Amino acid sequence: DAGITQSPRHKVTETGTPVTLRCHQTENHRYMYWYRQDPGHGLRLIHYSYGVKDTDKGEVSDGYSVSRSKTEDFLLTLESATSSQTSVYFCAISLWDSQTQYFGPGTRLLVL
Amino acid sequence: QQQVKQSPQSLIVQKGGISIINCAYENTAFDYFPWYQQFPGKGPALLIAIRPDVSEKKEGRFTISFNKSAKQFSLHIMDSQPGDSATYFCAASIASARQLTFGSGTQLTVLP
C-alpha cells in the first residue's frame, strides 16, 4: 500500500454527527488525494492536496472538508454526516514526478 | 458528465480464456491511461498504464491496446486465471492536473 495507512478502517456513525478520517503516509509524498467508491460510479475524487496547507476541490466535494497541516497526514472531515455519504473512502498518493497514484486500504463508513 | 465510460459492467470467462475490458474517453487532453485491479476489501492497485504515443503495451499476460483516433483503450488478459477474478478500473488523467478520472469498473470472474 505504498506506505499509506488509513484510520479508522471501519466506522458506523449517525446522521448529523461529525466524522474525521485520517490518511497517513510515511514517504514524504507531496500529492495526496481522497476518493469515495460507490457501486456503479468507480472512484470519484473528493479533495486533493499538493502540499502542506495547499488543497483543492475534486468532483464530489460538497459536504466534505480537508486539512493538511503536516506532509504525512491528510484529514477528511464530514462536518455533518448524511446517509448519502455512506461509502468506502480511499486515500491515495502520487510521486512528485509521476501521474501514477497509489492507494491505501480504505475506510468503510456507514452513516445510519 | 462521465468522461471515461467502461464496459462491460461484469464479465465471466473460463480459465484459459481471454478477458477484454473496454474504455472510451471524451477529453482529448488526457495523456495517461492506467488500469487498476482491486480485490475485495483492498485498495485499487496499479496493473499497467499507457501513454497515447504508443498503440500497445504488454506486461506478462496483460496488454493495453490504445486507439487515439477512436478515443478508446482496452485491457486484454490472456490465459485468464481464477486468481485474476477482481474488479478492474480504467482511468485517465492530464499531466498538468494530476487528477485521475475513473471508469465505473468491471467485475471479472474467471471460472476454474
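Everything below is about the structure printed above this text.
Residues numbered from 1 in each chain as written. Chains lettered and ligands numbered in written order. Predicted model: local features only at pLDDT ≥ 70, side-chain atom pairs only at ≥ 80, totals over all residues. Heavy atoms only, no water.

A. Representation of the layout of surface pockets within the structure. One number sums up the size of the largest pocket: a volume of about 600 Å³. Going through the elements one at a time, strand S4 (31–38) and strand S9 (87–94) of chain A together with strand S9 (86–93) and strand S11 (106–111) of chain B are the ones with two or more residues in the lining of the largest pocket. Residue classes in the lining of the largest pocket are distributed as seven nonpolar, 14 polar and four charged. (1 Å grid on protein atoms, 1.4 Å probe; cavity = no way out; pocket = protein on both sides within 12 Å on 5 of 7 lines; lining within 4 Å. Points joined across faces, edges and corners; volume = space filled by probe spheres on them. Helix = DSSP H or I, 4+ residues; strand = E, 2+ residues; numbered from the N terminus. Nonpolar A, V, L, I, M, F, W, Y, C, P; charged D, E, K, R; others polar.)

B. Quick look at the pairing of S9(B). Residue and element names in this part refer to chain B. Among the eight residues in S9, seven count as buried, and that is most of the element. Sheet analysis places strand S4 (residues 33–38) next to S9, joined by four bridges and oriented antiparallel. Note that in S9 the partner of Gln 38 across the bridge is Thr 87. Bridge count between S9 and S11: three bridges; the pairing is antiparallel. Bridge pairing in S11 places Thr 87 opposite Gln 107. (Buried < 20%, exposed > 50% of the residue type's maximum accessible area, 1.4 Å probe, protein only. Pairing = 2+ DSSP bridges.)

C. Structural context of the nonpolar core. The biggest cluster of nonpolar side chains holds 24 residues, and the ones touching the most others in it are B:Phe33, B:Trp35, B:Phe73, B:Leu75 and B:Tyr88. Mapped by element, the contributors of at least two residues to this core are strand S2 (10–14), strand S3 (19–25), S4, strand S5 (45–50), strand S7 (62–67), strand S8 (72–77), S9 and S11 of chain B. If one sorts the elements of this core by residue count, S9(B) sits on top with four residues. Setting aside chain neighbours within four positions, we find B:Phe73 in contact with B:Ile21, B:Asn22, B:Cys23, B:Tyr25, B:Phe33, B:Trp35, B:Ser65, B:Phe66, B:Cys90 and B:Ala91. Membership of the second largest hydrophobic core comes to 19 residues, among which are A:Ile4, A:Ile93, A:Leu109 and A:Val111. (Core = buried A, V, L, I, M, F, W, Y, C linked by side-chain atoms within 4.5 Å. Contact = heavy atoms within 4.5 Å.)

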